[in-house]
Each structure stands twice: as structure tokens, then as C-alpha cells.
Amino acid sequence: MNNPAAEAHEPMVRAVGVHKSYGHVPVLNGLTLDVAAGEVLCLLGPSGSGKSTFLRCINHLEVPDSGYITVAGELIGYREQGEFLVEAGERQIARKRAEIGMVFQQFNLFSNKTVLGNLMEAPVRVRREPKAEVEERARANLRRVGLAGLADRYPGQLSGGQQQRVAIARALTMRPKVMLFDEPTSALDPELVGEVLDVMRDLAADGMTMVVVTHEIGFAREVASRVAFLHQGQIAEIGSPASVIEHPSHERTRAFLATVR
Amino acid sequence: MAGKPLQAPAAGTGRDVAVQPPGERKIRPRRHPWRWAGVAVLAILAAMLAHSFASDQAFDWGVVGQYMTAGPVLDGLLTTIELTAITMAIGIAGGVLIAAMRLSPNPVLSRVAWFYVWLLRSVPLLVQLLFWYNLGALYPRLSFGVPFGPALVSAGSNTLISPFAAAILGLGLHEVAYMAEIFRGGILSVPHGQTEAALSLGMTRRVALFRIVLPQAVRVVIPPTGSEVINVVKGSALVSVITLTDLLYSVQKIYAENYLVIPLLLVAVIWYLILTSLLSAGQYLLERRFGRSLARTPRADWRPWRRGIPPREAS
């Protein structure tokens with residue numbers, strides 16, 4: 001972090017040998033992956049392939065059994081002590097999470113707070129930033145997702161597409177280094193999917209580093225810098241959208257794409 | 001059939017019935033004759049009861065009226081109100097704490113909380129009150145200092161624990177156990193995604209609990225808490241066994257001298273009814289206040305005869 005030259009070469013997200021199992025069921029089998037700054041990586045794969053689990057490991061909502069992940073060169077959930085990785089305290093993990101934006105399938109807007117309250121809560125409470133400054137930024141982000149007029153509504157009064165755009169604006173108001181999207185359009189009515197993808201496309205064009213778990217093949221083909229296909233907790237295939245989606249080399253990828261299209 | 005367009009078509013034969021344009025058919029609400037019959041029966045029963053109350057000598061309403069605002073009764077009433085307020089304050093504060101401990105990922109905290117609830121819910125409240133009142137028999141002196149070492153401060157149990165203090169300890173610690181379970185239920189009723197979203201924004205578990213989850217749990221927690229307050233009002237009558245002069249004990253003291261048992265018990269009953277009625281009204285207002293951010297449809301009017309009539313536009 002202190003050395004800008006090193007940071008330039010450092011991938012924004014690096015996962016090394018990440019293992020995770022629930023009981024005896026392995027979900028991630030030594031997943032290793034780099035995401036460069038400014039890159040948009042789409043994770044495809046059948047359900048149970050570990051895409052969402054991997055995404056949740058990046059901000060330590062799931063704790064890997066072994067392996068480690070760094071974001072912007074910093075370890076997530078551990079600190080280095082000699083040759084050991086020592087589990088970090090809750091505050092330290094929270095500080096790291098504040099730099100990683102996450103958008104959930106079910107939006108998870110705070111239903112007791114207005115739209116503006118949702119955006120301002122974390123910057124004001126967690127970062128202790130001045131309210132006026134945060135409010136200005138929050139309103140700018142609402143304009144960016146096209147919802148400037150809804151600042152005083154409660155989440156329950158919004159459509160699914162609007163809620164998800166608010167959720168994106170909420171994550172952006174923390175000025176994250178990376179944005180994680182966990183099937184952001186899977187809970188939406190078909191006619192509302194487009195408005196959310198438009199916002200994400202706009203974000204990608206602005207150079208945000210994004211890791212997106214999705215079933216929207218069209219979006220992946222158009223927006224992703226790279227597409228990874230996960231199978232049984234490992235990367236079966238990774239490369240440009242053209243190579244993975246148009247000319248899949250892995251038999252499992254072909255079978256999956258045939259069912260999705 | 002086409003000649004009787006207003007009659008609903010029989011099942012399966014609707015094909016040749018002329019369809020009325022929407023809006024021309026009037027809807028007549030269902031009638032409820034049995035409800036009116038029920039009201040009539042209840043009215044007769046209520047009249048009989050009222051007549052008995054008014055005419056029976058044993059009730060002696062004159063005496064009731066005379067003692068309703070007697071000094072000792074009002075003092076007892078005040079004690080009951082104080083006990084309830086302090087007990088609920090302890091119950092809510094301790095309940096949130098124990099519920100948070102119980103749901104904590106820390107196994108030590110979680111098990112301590114489980115043990116507390118298990119113990120305090122298992123022993124009858126009356127026994128707990130007697131226990132605190134007689135603590136002096138078990139530990140004649142209470143001291144604060146180094147464990148197994150010298151005491152810094154020390155006092156006799158009986159001077160430290162007055163009947164009022166014993167009542168507060170007994171009622172309060174007992175209430176904590178029940179409120180803890182109510183808050184645990186409330187916290188579990190908030191979708192886990194709310195906590196995950198809070199954590200993903202960099203909040204610690206504690207901040208997420210107090211800023212995001214608990215405010216949403218309040219809505220669920222209010223109705224059972226309302227019941228608990230009423231339980232405490234009535235449960236506080238148990239303190240008469242440890243010679244604390246609450247509402248019940250104050251009237252008991254009076255009828256022990258003048259033998260007007262029924263009228264004086266009625267005095268207590270009427271005060272308990274007034275207290276619980278006020279508390280129920282308070283609960284209604286609280287529920288309305290906390291339901292706001294989640295309300296999608298306007299709520300039903302509290303006056304049954306106005307239900308079904310569209311409310312005026314909110315100003």
C-alpha cells in the first residue's frame with residue numbers, strides 16, 4: 001500500500017488456494033485467481049459450483065478453511081506474523097470490508113431507514129465522515145443510478161429494480177476499491193433486469209473493478225473483461241468472453257451454456 | 001336464461017349468459033344476523049351482571065368509593081407503579097444484553113446466557129422473591145473486594161437489602177430472563193441479509209445489532225412486551241409476602257382491621273384494571289408508531305363500524 005510502484009503490479013483481488021467445505025461437502029477446491037484493477041470478471045457456473053461462496057470469501061462473510069485472499073495487496077481476515085497467518089480481530093476485518101462493496105441478490109436494504117438513510121448510515125457511523133459531505137456524495141450517487149427523486153422513500157415502497165439500484169448506490173457511497181455482485185438480477189422481474197444491468201455497465205465503463213456472479217450471459221459477453229467458468233469449486237475455464245462463451249473448450253462449460261441460452 | 005341477466009350463472013353453464021358490463025352490477029355486503037344475536041345475548045348477560053354488582057350488599061360501592069383514593073391505597077398504588085417501571089427497565093436493558101449474548105458467536109457468552117435464562121425461568125418467582133428477601137440467612141454479610149482475599153467494602157445483608165430492594169432484585173432478574181427470550185425472538189425475526197449487508201459495509205456485529213437489527217426487531221417485540229408489562233403489574237402483587245406495601249398489600253392491611261374484604265379487594269381490582277387499560281392504550285400507540293416505515297396498506301380503523309369505509313386522504 002505504501003509503495004505505489006508495487007501497488008501498480010499488484011492485482012486488485014488475489015485468491016490463492018482457497019478451500020471451503022460445509023461439513024464433508026467441499027464447495028471450493030483450491031481456487032486460485034487474480035483480478036486486475038479496473039477489470040470486470042464475470043463468474044459463471046451451475047448452482048453449487050461455488051461462485052457465490054467464493055464471492056463471499058472475498059469480503060470474509062464466509063471464512064475459507066485454507067488459502068488466503070488479498071484485496072489491494074492487503075490480506076482479508078488475517079494478518080501476517082512470521083510464517084503464520086493469524087486470524088484478525090473483528091474491527092480489523094470490518095475496516096477491510098468497508099473498502100469492498102457488495103450487492104446482494106435480495107438487495108438487503110435496511111428496511112427501517114429511508115433510501116438516503118441507507119446510503120449515509122455506514123459512511124457516517126463507521127467512517128465518522130461529516131454528515132453534509134456524505135449527504136452530498138449520497139445524492140450524487142442516487143443521481144448516478146437514476147433515483148435522485150426517491151431519497152426520502154422507504155425500501156418497501158420501491159420496485160425490485162429500484163431497490164437494487166439503491167443497493168448499488170449504497171455500496172458506492174463507501175467509495176469501495178472493488179465491487180462484488182452476487183446474482184444482482186436473479187430476484188428481479190424480467191422487465192426490471194435491464195435497468196440494473198445499465199447501472200453496472202456504466203460502473204464498468206468508469207473503470208470500477210468488479211467481480212460479478214451472474215446468469216446474464218449477454219451481460220457477461222458484452223461487459224466482462226474476462227469470464228471464469230466454475231465447476232466443482234475450481235476454475236474450469238477462464239479467458240475472454242469470446243473464447244469462453246463463444247468457443248468453450250471445457251465440456252462442462254459447453255453443457256452449461258447450452259442450458260442457459 | 002338470457003332473460004334473467006342479474007342472476008349468477010350456474011357452474012358450467014355460464015356460456016350463454018349475457019355478460020354485464022363491469023360496474024353495472026351492485027355488490028351487496030354479506031349480512032351477519034348471528035353477530036347481532038350474539039350482541040343481544042351479551043347485552044342481557046352484561047345487564048344481569050351490572051344489576052348484581054349494583055344491588056348486592058356485599059359489594060358496598062360506597063365503601064369502595066371511599067377507599068379508592070385513601071392515602072395508604074394511593075401509596076400502595078405508587079409502589080406498584082414504581083416496581084413495574086423499575087422492573088421493566090431492568091428487564092428490557094438486561095433482556096437485550098442476555099439476548100445479544102445468547103446469539104453471540106462467542107460460546108462462553110452464549111452458554112452463560114443460556115444458563116441464566118434456564119435458571120431464572122425454572123424457579124418460581126415467589127421462591128425467588130423469598131430467596132432475595134432472606135439472603136441474610138445465607139450470606140449475613142455482603143462484601144466487595146479481592147476474590148478470596150480482603151474485602152474493601154462490607155455491609156450486613158439485611159441493611160443492604162430492604163424489602164423494596166429484594167422485590168426489585170427478584171422481579172427484575174426474573175423479568176430479564178423473559179425479556180431476553182422476547183428480544184431473541186425479535187432479533188431472529190429480522191432477515192439475516194440485514195446483518196450481512198451491515199457487515200459488508202464495515203459495521204461490527206455490535207453496531208449492526210444496535211443500528212440495524214434491533215430497530216427492526218422492536219415492531220415484533222412490542223406485543224409480547226406489552227403482555228410482560230401487564231404480567232409485572234400483576235406479578236408485583238406477590239411482593240406482599242415479603243412485607244412490601246404494594247397496592248394489594250395496602251388494601252389487605254386495611255381489611256385486616258375493618259373486615260370489609262370484598263369492597264377493598266374491589267378497590268385493588270379497579271386500580272389494576274385502570275393500570276392495565278392505560279398500558280394497553282400505550283401499547284396500541286407504540287405499535288402504530290413503529291409500524292410506520294413498513295406500512296404499505298392503510299391499517300384498519302379501530303372503530304369496527306368504520307371498517308370497509310375508505311379513510312380520508314392523509315393530509
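Only a predicted model underlies this, so the values are computations on that prediction, with no experimental measurement involved.

Could you clarify how one ought to interpret the pattern of salt bridges in this entry?
Proximity of charged atoms lets side chains of opposite charge pair with each other. All names here are of chain A. Applying the stated criterion across every chain yields a total of 21 salt bridges over all chains. Close ionic contact of D206 with R144 constitutes a salt bridge, the shortest N to O distance being 2.6 Å. With D206 in the loop between helix 7 (190–205) and strand 10 (209–213) and R144 in helix 5 (residues 131–144), this residue pair connects regions lying 62 residues apart in the sequence. Residue D206 is classed as exposed on the basis of its relative accessible area, which comes to 53%. We classify R144 as partly exposed; its relative accessible area is 33%. Ionic pairing is found between R201 and D198, a salt bridge with its closest N-O pair at 2.8 Å. On the criterion of helical spacing, the pair formed by R201 and D198 is a turn pair, its members being three residues apart in helix 7.

For this particular structure, what's the right way to read the interface of chain B and chain A?
Accessible area lost upon the coming together of the parts serves often as the stated size of an interface. The partner chain A presents 26 residues to the 20 residues of chain B that form the contact. Buried surface at the junction of chain B and chain A, both sides included, amounts to about 2,100 Å², of which 55% is carbon and sulfur. When the area that chain B buries against chain A is broken down by residue, the three leading residues are S200(B), L201(B) and R211(B), summing to 29%. At the junction of chain B with chain A, the criterion picks out two salt bridges. Residues E196(B) and R56(A) are paired through a salt bridge, measuring 2.6 Å at the closest nitrogen-oxygen approach. In this assembly, chain B and chain A are joined by seven residue pairs in polar contact (both at pLDDT 80 or more). Mapped by element, the contributors of at least two residues to the side of chain B that touches chain A are helix 9 (192–200) and helix 10 (205–235) of chain B. With seven residues, the top contributor of residues to the side of chain B that touches chain A is helix 9 of chain B.

What's the story with the pairing of strand 2 (residues 151–156) of chain B in this structure? I'm lost.
The side chains of a regular strand alternate between the sheet's two faces. Residue and element names in this part refer to chain B. Examined bridge by bridge, strand 1 (residues 141–145) and strand 2 share five bridges and lie antiparallel to one another. Residue pairing for strand 2: S143 is matched across the bridge by S154. As consecutive antiparallel partners, strand 1 and strand 2 are separated by five residues, and within that stretch F148 has a phi angle of approximately 60 degrees, a positive value.

About the thresholds
- Residues numbered from 1 in each chain as written.
- Chains lettered and ligands numbered in written order.
- Predicted model: local features only at pLDDT ≥ 70, side-chain atom pairs only at ≥ 80, totals over all residues.
- Heavy atoms only, no water.
- Salt bridge = Lys/Arg side-chain N within 4 Å of Asp/Glu carboxyl O.
- Helix = DSSP H or I, 4+ residues; strand = E, 2+ residues; numbered from the N terminus.
- Buried < 20%, exposed > 50% of the residue type's maximum accessible area, 1.4 Å probe, protein only.
- Contact = heavy atoms within 4.5 Å.
- Buried area = accessible area lost by both parts, 1.4 Å probe.
- Polar contact = N/O pair within 3.5 Å; in protein donor to acceptor, adjacent residues only side chain to side chain.
- Pairing = 2+ DSSP bridges.

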